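Spelled out, the chains give:
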Amino acid sequence: MESEEKKNPHKGGRHPKKDPAVHRYSISLTAEENAHFLTLFETSGMNIMAHFITACIFQKGITTIKVDKTAIEYYVRLTALFGQFRAVGVNYNQVVKILYRNFSEKKASAYLYKLEKETAELAVLCQKIIKLTAEFEEKHLKKKS
């Protein structure tokens, strides 16, 4: 009985750490220094402030993450627009099949001519979107070396 108690002195809970962090330090910052510190902490993307402070003290690599919300919004809307383009393509194929099935060759060709005009306008619009996207990426998303 006594040998069992000596083997396991803890009845439950967490296992004790092999090298616990017991040394604590305290620093005081001015309001300006604190604001700068909090800004650095937020841009680092770390969740735990103690880990951030340790990384700063021992000059470990601190990564800063900058999230550009306008770029994210731009890509979300661009993705939605491409989805609409795909839907237009599917509808285009369905309309062409219906035209040739339900109308005479001459009437279907006339409607198809009008559809081709609208398609040409969509192609011009698509080229403009591609050009604007390239400009946006060049100005705002390229990493500055």
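Up top is the structure.
Reading the values: the criteria
- Residues numbered from 1 in each chain as written.
- Predicted model: local features only at pLDDT ≥ 70, side-chain atom pairs only at ≥ 80, totals over all residues.
- Heavy atoms only, no water.
- Helix = DSSP H or I, 4+ residues; strand = E, 2+ residues; numbered from the N terminus.
- Buried < 20%, exposed > 50% of the residue type's maximum accessible area, 1.4 Å probe, protein only.
- Contact = heavy atoms within 4.5 Å.
- Areas by Shrake-Rupley, 256 points an atom, 1.4 Å probe, with all protein chains shown as cover.
- Salt bridge = Lys/Arg side-chain N within 4 Å of Asp/Glu carboxyl O.
- Phe/Tyr/Trp six-rings, centres within 6.5 Å; stacked < 30°, edge-to-face > 60°.
- Polar contact = N/O pair within 3.5 Å; in protein donor to acceptor, adjacent residues only side chain to side chain.

### Brief notes about the overall build of the protein chain
Working step 1: Along the backbone of the protein chain there are 5 helices and 0 strands.
Working step 2: Buried positions account for 9% of the 145 residues belonging to the protein chain.
Working step 3: In the protein chain, the share of contacts with a sequence separation of at least 24, taken over all contacts with a separation of at least 6, comes to 33%.
Working step 4: Approximately 13,700 Å² of the protein chain is accessible, and the part contributed by carbon and sulfur atoms is 58%.

### Things to note about the pattern of salt bridges
Working step 1: Scanning the model with the defined rule gives 1 salt bridge in all.
Working step 2: We note a salt bridge from Arg-77 to Glu-73, for which the minimum N-O separation is 3.2 Å. In this pair, Arg-77 and Glu-73 both sit in helix H4 (residues 69–102), 4 residues apart, roughly one turn of the helix.
Working step 3: Overall, Arg-77 belongs to the exposed group, its relative accessible area being 59%.
Working step 4: Judged by relative accessible area, which is 43%, Glu-73 ranks as partly exposed.

### Considering the packing of aromatic side chains
Aromatic ring pairs are described here by two measures, namely the spacing of the ring centres and the angle between the planes.
Working step 1: For the structure on display, the rule yields 3 aromatic pairs.
Working step 2: Look at Phe-37 and Phe-52: their rings are 5.6 Å apart centre to centre, the planes differ by 55°, and that puts the pair in the tilted class. Pair noted here: Phe-37 is in helix H2 (residues 31–44) and Phe-52 is in helix H3 (residues 49–57), with a separation of 15 residues, a long-range link.
Working step 3: Taking the relative accessible area as the measure of exposure, Phe-37 reaches 17% and is therefore buried.

### Examining the environment of Met-49
Working step 1: Turning to its location among the elements, Met-49 is positioned in helix H3.
Working step 2: Apart from residues lying up to four places away in sequence, Met-49 is in contact with Phe-37, Leu-38 and Phe-41.

### Quick word on the side chain of Ser-44
Working step 1: Inspection of the secondary structure assignment puts Ser-44 in helix H2.
Working step 2: A polar contact is formed between the side chain of Ser-44 and the backbone oxygen of Phe-41, at a distance of 2.6 Å.
Working step 3: Among the polar contacts listed, one links the side chain of Ser-44 to the backbone nitrogen of Met-46, at a separation of 3.2 Å.

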